[in-house]
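Reading the structure
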Amino acid sequence: MTGPGFDPAGACVVVTGAGGGIGGALARALAGRGAAVVVSDLNAESAEAVAAGITADGGRALAVAGDAASEAGIAALIERAVDAYGPIGAWFANAGVDNGQGLQADEQDWALAVEVNVMAHVRAARALVPGWLEAGGGRFVVTASAAGLLTMLGAPAYSVTKHGSVAFAEWLSATYRHRGIVVQAICPQGVQTRMLDNSGPLQEVLSHDSALTPEQVADDVLAALDGDRFLILPHPEVAGYYAARAADTDRWLAGMNKLQQRVDQVAGER
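An account of the accompanying structure is given in this report. (Residues numbered from 1 in each chain as written. Predicted model: local features only at pLDDT ≥ 70, side-chain atom pairs only at ≥ 80, totals over all residues. Heavy atoms only, no water.)

**Details of the pattern of salt bridges**
Inclusion rule: When a carboxyl oxygen of Asp or Glu lies within 4 Å of a side-chain nitrogen of Lys or Arg, that pair is called a salt bridge. Per the convention used, a helix needs a DSSP run of H or I reaching at least four residues, while a strand needs a run of E reaching at least two, with both numbered from the N terminus. Three exposure classes are used, based on accessible area relative to the maximum for each residue type with a 1.4 Å probe and protein chains only: buried under 20%, partly exposed in between, and exposed over 50%.
Evaluation of the coordinates by the stated rule reveals four salt bridges. Across the pair Arg33 and Asp226 runs a salt bridge, and its minimum N-O distance is 3.5 Å. One end of the pair, Arg33, is in the loop between helix H1 (21–32) and strand E2 (36–41); the other, Asp226, is in the loop between helix H8 (214–224) and strand E7 (231–232), with 193 residues separating them in the sequence. Arg33 gets classed as partly exposed once you look at its relative accessible area, which sits at 31%. Across the pair Asp228 and Arg139 runs a salt bridge, and its minimum N-O distance is 2.5 Å. Within this pair, whereas Asp228 is found in the loop between H8 and E7, its partner Arg139 is found in strand E5 (residues 138–143), the two being separated by 89 residues in sequence. Overall, Asp228 belongs to the buried group, its relative accessible area being 14%.

**Things to note about the sheet that holds strand E4 (residues 88–93)**
The test is simple: Note: two strands are recorded as paired if DSSP finds a minimum of 2 bridges between them.
If you walk across this open sheet you meet the seven strands as E3-E2-E1-E4-E5-E6-E7, and the pairing is parallel. In this open sheet, the two strands that pair with only one neighbour each are strand E3 (60–65) and E7.

**Concerning the environment of Gly34**
Condition: The contact criterion used throughout is that any non-hydrogen atoms of two residues lie within 4.5 Å.
Along the chain, Gly34 turns up in the loop between H1 and E2. The partly exposed category is assigned to Gly34, whose relative accessible area is 32%. The residues contacting Gly34, other than those within four sequence positions of it, are Pro8, Ala9, Gly10 and Arg60.

**A short note on the nonpolar core**
Heads up, the rule is: Here, nonpolar core refers to any group of buried Ala, Val, Leu, Ile, Met, Phe, Trp, Tyr and Cys residues whose side-chain atoms link them within 4.5 Å.
In this structure, Ile88, Trp91, Leu128, Trp132, Phe140 and Leu172 are the most contacted members of the largest nonpolar core, which totals 38 residues. For this core, the secondary structure elements donating two or more residues are strand E1 (12–15), helix H3 (71–85), E4, helix H4 (107–135), E5, helix H5 (156–176), strand E6 (181–186) and helix H10 (249–269). Counting residues per element, this core draws most heavily on H4, at six residues. Look past the residues within four positions of Trp91 in its chain and what remains in contact with it is Val14, Thr16, Ile74, Leu77, Ile78, Ala124, Leu128, Trp132, Arg139, Phe140 and Val141. One finds Ile22, Leu26, Phe92 and Val221 within the second-largest nonpolar core, a separate group that totals 34 residues.

**Looking at the pairing of E2**
How we decide: Throughout, right-handed denotes a crossover for which the path from the first strand over the helix to the second runs clockwise when the strands point away from the viewer.
Burial of E2 is extensive: six of the six residues sit out of reach of the surface. On E2, burial covers both faces: Ala36, Val38 and Ser40 on one face and Val37, Val39 and Asp41 on the other are all buried. Bridge count for E1 against E2 is four bridges, and the pairing is parallel. In the sheet register, Val14 faces E2, and the bridge partner there is Val38. In this region the chain leaves E1, passes through H1 and returns to the parallel neighbour E2; the handedness of that crossover is right-handed.

**Overview of the pairing of E6**
Along any regular strand the residues' side chains alternate between the sheet's two faces. The element E6 is extensively covered by neighbouring structure, given that six of its six residues are classed as buried. Where E5 meets E6, six bridges bridge the pair, whose relative direction is parallel. Pairing of Phe140 across the sheet is with Val183, part of E6. Read as a crossover between parallel neighbours, the route from E5 over H5 to E6 is right-handed. Of the strand pairs in this sheet, E6 and E7 are connected by two bridges, and their pairing is parallel. Within E7, the position partnered with Ile186 by the bridge is Ile232.

**Here's the deal with helix H2 (residues 44–56)**
Definition in use: By this rule the span expected of a helix is its residue count minus one, scaled by 1.5 Å. The arc under discussion is defined with respect to the helix axis, by the directions toward the C-beta atoms. Under the rule applied, a polar contact is a pair of N or O atoms within 3.5 Å (in protein, one hydrogen donor and one hydrogen acceptor; residues adjacent in sequence only if both atoms are side-chain atoms).
End to end, H2 covers 18 Å across 13 residues, agreeing with the expected 18 Å (1.5 Å per residue, within 8%). Within the sequence span of H2, burial applies to Ala47, Val50, Ala51 and Ile54. Viewed end-on, H2 has its buried residues packed into an arc of 95°, placing them on one side of the element. Pointing more than 90 degrees away from the buried face of H2 are the exposed residues Glu45, Ala49 and Ala56. Considering only its buried residues, H2 is in contact with H1, E2 and E3. The N-cap residue of H2 is Asn43: its side-chain oxygen and the backbone nitrogen of Glu45 are 3.0 Å apart. Within two residues after H2, Gly58 carries a phi angle of roughly 90°, on the positive side.

Structure, rendered in structure tokens:
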């Protein structure tokens, strides 16, 4: 389903996890389209650097350091954004974590993944949707992952919580789209970020269909804002993998297991 789209020009938009990577690229791209961008990140220096770069290029940006996963952090972020630039037109829920490897990922890794990759979206939506319903609309864009449609070998906490982020975005769209709330989920495969650099033997698998730059992902997101299609797939081949998974899950799982065997082999050779 596509609709009239969203023009960032003149709008107040918030990007969480915007101190670098996809979030930083999104903040710069949105500012380049005329948005007033609130750059949110746990790392104050990183947020300030992205905001300073935007303003140096003639754009409007405000850096807000804080925890965009907590209720208090979201409330403070929304208050700062509205005070600076007026009502929020779009929220880019980009902050995420990829901690915890294998079956032995500990309780803290799982808890943090749930808080940041899922509950941050829930808490932001709770705070934003009532106002958007009164105003007649708003846009909520989740940076999920192809892992949220497929899976991520080696990273159960990341895979499960990214599935959760997509599932919550689906629920939000199904519940409110007729009332003007547009929800989109960005689901790339390999992107040239810290996560890919730290993925070890998985790097080859993640880069199988080419690792995109954060700027390429941001360009695809901006193009998708011109419509209202739910899934944003910077790697279009993910649509085929997703369809194959649904059509024959056992065959798809067998293929994923073959990839796991390859990863095990590469790891053993190191």
